[in-house]
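Next come the chains, spelled out residue by residue.
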Amino acid sequence: MLASKTLIGTLSVAAAFLALTAPARADGEVNIYSYRQPDLIKPLLDAFTKETGITANVLFLDKGLVERIQAEGANSPADVILTVDISRLTEAKDAGVTQPLVNETINKDIPAHFRDPDGNWFGLTTRGRVVYASKERVPQNDITYEELADPKWKGKFCTRDGQHSYNIGLFASMIAHHGEAETEKWLTGLRDNLSKKPDGGDRDQAKAIFAGECDIALGNSYYVGLMLTNEKEPQQKEWASAIKVLFPNAKDRGTHVNISGMALAKNAPNKDNAIKLMEFLSAGEAQKIYAEQVFEYPVLPGAEPSDVVKSFGTIKPDNLPLADIAANRKKASELVDKVGYNDGPQD
């Protein structure tokens, strides 16, 4: 059984999740299983508790969330699933750990293309898979994903693990746009432009650019905002200040975007409170907090991104249906292994 990483709320980890043998039922609580880092969602949950009086307990898992709920079965204390990436939302649905929800309030707030047609998951925010570029060494301000495979970037490109869900989402979108054969050629070019084997997270790519290890990298847009405002680790401000955000394909189809989202757990013991939380997360206050605290793009029509995010420039999202991305993820993963992407550049 996986151990919990962090718990937000008044219940201890042991009492709330590890020692439970029956559903956790309480009028004033809601139990959240989350792939999202606790510090990113704490402002949202604090606001929810302040408004409703409902205590939000969070079990953070960096992997194995779906398997955990499956193992717990009907006795699972999970009420709401919070996660990032369309793959994890569809994985939860396909694994049978969610239940459909038809809710007029949520459907009014969240556009249809950010919702599962069957009501098993709902998008809450979007983020762009952008290019981090050195302010000092990269003069251009326009780029395409296709251009990243150009030999002019040989030895100047870096990314995290090619199998990470953030990269797989982008690679899947390339298959949708160009087909499997062309995407394989592109991934081969991408691999050969790497300055080193893929490693670290998106923030580490900014750090590598700051250190002169590469000139460009793939990263999620919101990490730049998190780095620029990081008072606990001020060195990250230096990393972020060394890069500029380029929105790929801004002049044609637009930049690849993915979502964070939520789902109602199949056996939610506190279902009414779970629905209250989901309604709260889709509405104006929570969408504003997401924009200002997490530096993502709200899905609520009319909601504005934060001033920090606006400073990156205007994003033109690729309107490729999320279902098309999800459908190509397996092929994308296979191509990453086929070309040996994680082995780094081939001499």
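Residues numbered from 1 in each chain as written. Predicted model: local features only at pLDDT ≥ 70, side-chain atom pairs only at ≥ 80, totals over all residues. Heavy atoms only, no water.

## Some details on the pattern of salt bridges
Then, number 1: Counted by the stated rule, this structure contains 23 salt bridges.
Then, number 2: Note that E72 and R68 form a salt bridge whose closest N and O atoms lie 2.7 Å from each other. One end of the pair, E72, and the other, R68, are both in helix α3 (residues 65-72), four residues apart, so they sit about a helical turn from each other.
Then, number 3: Given the relative accessible area of 15%, E72 is considered buried.
Then, number 4: Taking the relative accessible area as the measure of exposure, R68 reaches 4% and is therefore buried.
Then, number 5: Between K330 and E334 there is a salt bridge; the shortest N-O distance is 2.6 Å. (Salt bridge = Lys/Arg side-chain N within 4 Å of Asp/Glu carboxyl O. Helix = DSSP H or I, 4+ residues; strand = E, 2+ residues; numbered from the N terminus. Buried < 20%, exposed > 50% of the residue type's maximum accessible area, 1.4 Å probe, protein only.)

## Here we look at the layout of surface pockets
Then, number 1: There is about 760 Å³ of room inside the largest pocket.
Then, number 2: Along the walls of the largest pocket sit 29 residues, with Q37, D39, L40, R203 and L226 positioned nearest its centre.
Then, number 3: Mapped onto the lining of the largest pocket, the elements with two or more residues apiece are α2 (38-52), α6 (165-178), α9 (221-228) and α12 (284-294).
Then, number 4: In terms of residue class, the lining of the largest pocket is made up of twelve nonpolar, seven polar and ten charged.
Then, number 5: Counting contributing residues per domain, the lining of the largest pocket is built from domain 1 (30-126 + 258-303) and domain 2 (127-256 + 316-343), each supplying no fewer than three.
Then, number 6: Of the voids in this model, the second largest pocket is the one considered here, and its volume is about 410 Å³.
Then, number 7: Along the walls of the second largest pocket sit 21 residues, with H113, F114, T126, V257 and P317 positioned nearest its centre.
Then, number 8: Breaking the lining of the second largest pocket down by element, the ones donating at least two residues are β9 (297-298) and α14 (322-327).
Then, number 9: Of the residues contributing to the lining of the second largest pocket, the split by class is 14 nonpolar, six polar and one charged. (1 Å grid on protein atoms, 1.4 Å probe; cavity = no way out; pocket = protein on both sides within 12 Å on 5 of 7 lines; lining within 4 Å. Points joined across faces, edges and corners; volume = space filled by probe spheres on them. Nonpolar A, V, L, I, M, F, W, Y, C, P; charged D, E, K, R; others polar. Domains from an automatic or database assignment.)

## A word on the confidence of the model for the chain
Then, number 1: The predicted model of the chain averages 91 in pLDDT, with 92% of residues at 70 or higher.
Then, number 2: Predicted confidence for residues 1-26 stays below pLDDT 50, and this span has 63 contacts to residues more than four positions away or in other chains. (pLDDT = per-residue confidence, 0-100. Contact = heavy atoms within 4.5 Å.)

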